[in-house]
Amino acid sequence: MKCRACRAGAVIELPRHNSALCRDCFLAYCRNQVSRAIDEHEMLRPADRVLVAVSGGKDSLALWDLLLDLGYHVDGLYIGLGISGYSEPSAGYARAFAQSRQARLVEVDLKGHYGFDVRSGAAADHRVPCSACGLSKRHIFDRAALEGGYDAVATGHNLDDEAAVLLGNVLRWDLEYMARQRPVLPATDGFPKKVKPLVRLAERETAAYCVLRGIDYQVDECPMAAGNRHLGYKEALGLIEERSPGTKAAFYAQFLERAAGPVAAAAGTNASTSLHPCPSCGAPTTSQLCAFCRLVERAGGDPKKRIPVSAG
Amino acid sequence: MGGVRVLLRNPRREVELSGPVRVSALLRQLGYRREAVLVIVNGTLVTGDASIEEGSEVEVRPVISGGAGWP
Ligand code: SF4
Ligand SMILES: [Zn+2]
Ligand SMILES: [Zn+2]
């Protein structure tokens, strides 16, 4: 198979673009998709300081690499979740990448810092592990970005992630979640700006990007992910996509273009009026103590600990 | 020489097949959807029409990951 752009040997097919590309043209394509997403949605300005949420997996490392190559000032934040057999190697990939690009990696260890890991925190707070994990990650990234003076938090959500979440939201007609499902969430009182620069790249493309760039990443799946609903949605979309390439991208793009606005209006997102700062950590919350500090307290840890991030 | 060694992930295991075999045929044989994996032959990413020769080291790497709790 030949590269559609330059006729060299292709390394990857892109069925939804009816195309195949060689290594160099594919890497250029990835950079181009990311800078288009950034421009299209006004995600970042050239001088912004960006904090990338790094898991050690393909998406976050590809994102970090791409943003560095596009000239942004990007630090990484890794959160040690304490998932045995999975977290240690993940941290290793994040560290190795940071070192190879001479980039700054900030690490927060749930256990060392707050006294619980994903499993014990979930049990203490009567949640499923992914819920405790997501809550902790959101909270720590938000606080770290604000305390470190970053202009935005960037996460590695790719096209497949967003399409799968959208499918789940549509199946439940969950307008509130749909209203918040944007590639950019502007900074609001107490929350940093959040951007998803990989929304134009499929999961297979971010993985291929890492392979072609020689970036080692955590290939193994988190043991908590097995059989979750999100994976089911991805599988369903994958089957549809195989029969009609391009459907997944159109599903998501058309949502943003035609439905996201009306949905947000219908959902009437005015919850921010009743927010006040959490007395323990300062994060905006609607309840007495914020959900994260409640989780930390129930797990027997100290919610008052600051996150060790300072403007670098 | 002899055979094509294929490394599969999640969980990590190895199978041996006989070559030469096309990437697309190998994936059909193993029951993978083309779009759900990358195929790396002797360290190089390859397209579905590539032919895998006897003695090759192949990795079939899944690309679909699913955490439900990311922000
Ligand atoms: S699968 Fe669940 S527990 Fe594992 S990293 Fe993702 S959100 Fe966290
Ligand atoms: Zn080319
Ligand atoms: Zn709090």
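Scroll up for the structure.
Residues numbered from 1 in each chain as written. Chains lettered and ligands numbered in written order. Predicted model: local features only at pLDDT ≥ 70, side-chain atom pairs only at ≥ 80, totals over all residues. Heavy atoms only, no water.

Participant: Would you explain the overall build of chain B in this entry?
Facilitator: Helix and strand counts for chain B stand at one helix and seven strands. Taken from the N to the C terminus, the helices and strands of chain B come in the order β-β-β-α-β-β-β-β. Along the three orthogonal principal directions, the C-alpha set of chain B runs to about 50 × 25 × 20 Å. Within chain B, buried positions represent 46% of all 71 residues. Long-range contacts, defined here as pairs at least 24 residues apart, represent 53% of the contacts in chain B between residues at least 6 apart. (Helix = DSSP H or I, 4+ residues; strand = E, 2+ residues; numbered from the N terminus. Buried < 20%, exposed > 50% of the residue type's maximum accessible area, 1.4 Å probe, protein only. Contact = heavy atoms within 4.5 Å.)

Participant: For this particular structure, what's the right way to read the interface of chain B and chain A?
Facilitator: Frequently, the measure chosen for interface size is the accessible area removed from exposure when the parts meet. With 23 residues of chain B at the interface, the matching set in chain A holds 37 residues. Each partner contributes to the roughly 2800 Å² buried at the junction of chain B and chain A, and carbon and sulfur atoms together form 57% of this total. At the surface where chain B touches chain A, the tally comes to four salt bridges. Linking Glu242(A) and Arg33(B) is a salt bridge whose minimum nitrogen-to-oxygen distance equals 4.0 Å. Linking chain B to chain A there are eleven residue pairs in polar contact (both at pLDDT 80 or more). Here the side of chain B that touches chain A gets three residues from one element, more than from any other, and that element is strand β4 (residues 37-41) of chain B. (Buried area = accessible area lost by both parts, 1.4 Å probe. Salt bridge = Lys/Arg side-chain N within 4 Å of Asp/Glu carboxyl O. Polar contact = N/O pair within 3.5 Å; in protein donor to acceptor, adjacent residues only side chain to side chain.)

Participant: Please explain the coordination of the zinc ion (ligand 2) as it appears in this structure.
Facilitator: Ideal geometry at a metal centre gives angles of 109.5 degrees when four donors are arranged tetrahedrally and 90 or 180 degrees when six donors are arranged octahedrally. Residues and elements named next belong to chain A. Donor atoms from the polypeptide that coordinate the zinc ion (ligand 2) comprise Cys-3 (SG), Cys-6 (SG), Cys-22 (SG) and Cys-25 (SG), at 2.3 Å from the metal. Metal-centred angles of 102 to 117° between the four donor atoms at the zinc ion (ligand 2) mark the site as tetrahedral. The motif formed by the donor residues of the zinc ion (ligand 2), counted along the single chain, is C-x2-C-x15-C-x2-C. Its relative accessible area of 0% is what places Cys-3 among the buried residues. (Donors = N, O, S within 2.8 Å, 3.2 Å for Na, K, Ca; no water. Tetrahedral: all angles 85-135°; square planar, octahedral: opposite > 155°, others 65-115°.)

Participant: Please explain the layout of surface pockets as it appears in this structure.
Facilitator: Regions of empty space are outlined by a rolling probe, equal in size to a water molecule, passed over the atoms. Approximately 430 Å³ is the volume attributed to the second largest pocket. Surrounding the second largest pocket, 25 residues form its lining, Pro15(A), Arg204(A), Glu241(A), Lys248(A) and Glu35(B) being those nearest its centre. For the lining of the second largest pocket, the elements supplying multiple residues, two or more each, are β1 (12-14), α9 (203-213) and α10 (229-243) of chain A. Counting residues per element, the lining of the second largest pocket draws most heavily on α10(A), at five residues. (1 Å grid on protein atoms, 1.4 Å probe; cavity = no way out; pocket = protein on both sides within 12 Å on 5 of 7 lines; lining within 4 Å. Points joined across faces, edges and corners; volume = space filled by probe spheres on them.)

Participant: It is not clear to me how the packing of aromatic side chains should be interpreted in this structure. Could you clarify?
Facilitator: Given two aromatic rings, their pairing is described by the distance between the two centres and the angle made by the two planes. All names here are of chain A. Going through the model one piece at a time under the given rule, you end up with four aromatic pairs over all chains. Where Trp-64 meets Phe-97, the ring centres are 5.2 Å apart and the plane angle is 45°; that geometry is what we call tilted. A residue pair is termed long-range when its members are at least 10 positions apart, and Trp-64 in helix α2 (residues 58-69) and Phe-97 in helix α3 (residues 87-100) qualify at 33 residues. Residue class for Trp-64 comes out buried when judged on its relative accessible area of 0%. Judged by its relative accessible area of 5%, Phe-97 falls in the buried class. Three or more aromatic residues joined by ring pairs make a cluster, and in this case those are Tyr-114, Phe-116 and Phe-292. Positioned above the aromatic ring of Tyr-150 is the side chain of Arg-49, whose terminal nitrogen or guanidinium carbon lies 4.2 Å from the ring centre. One cation-aromatic arrangement involves Arg-180 over Tyr-177; the distance from NZ or CZ to the ring centre is 5.1 Å. (Phe/Tyr/Trp six-rings, centres within 6.5 Å; stacked < 30°, edge-to-face > 60°. Lys NZ or Arg CZ within 6 Å of the ring centre and 35° of its normal.)

Participant: What exactly am I supposed to notice about the coordination of the zinc ion (ligand 3) here?
Facilitator: Residue and element names in this part refer to chain A. Only Cys-278 (SG), Cys-281 (SG), Cys-290 (SG) and Cys-293 (SG) from the protein reach the zinc ion (ligand 3) as donors, at distances of 2.3 Å. Angles of 105 to 114° at the metal separate the four donor atoms of the zinc ion (ligand 3), which places the site in the tetrahedral class. Exposure remark for Cys-281: the relative accessible area of 11% places this residue in the buried category.

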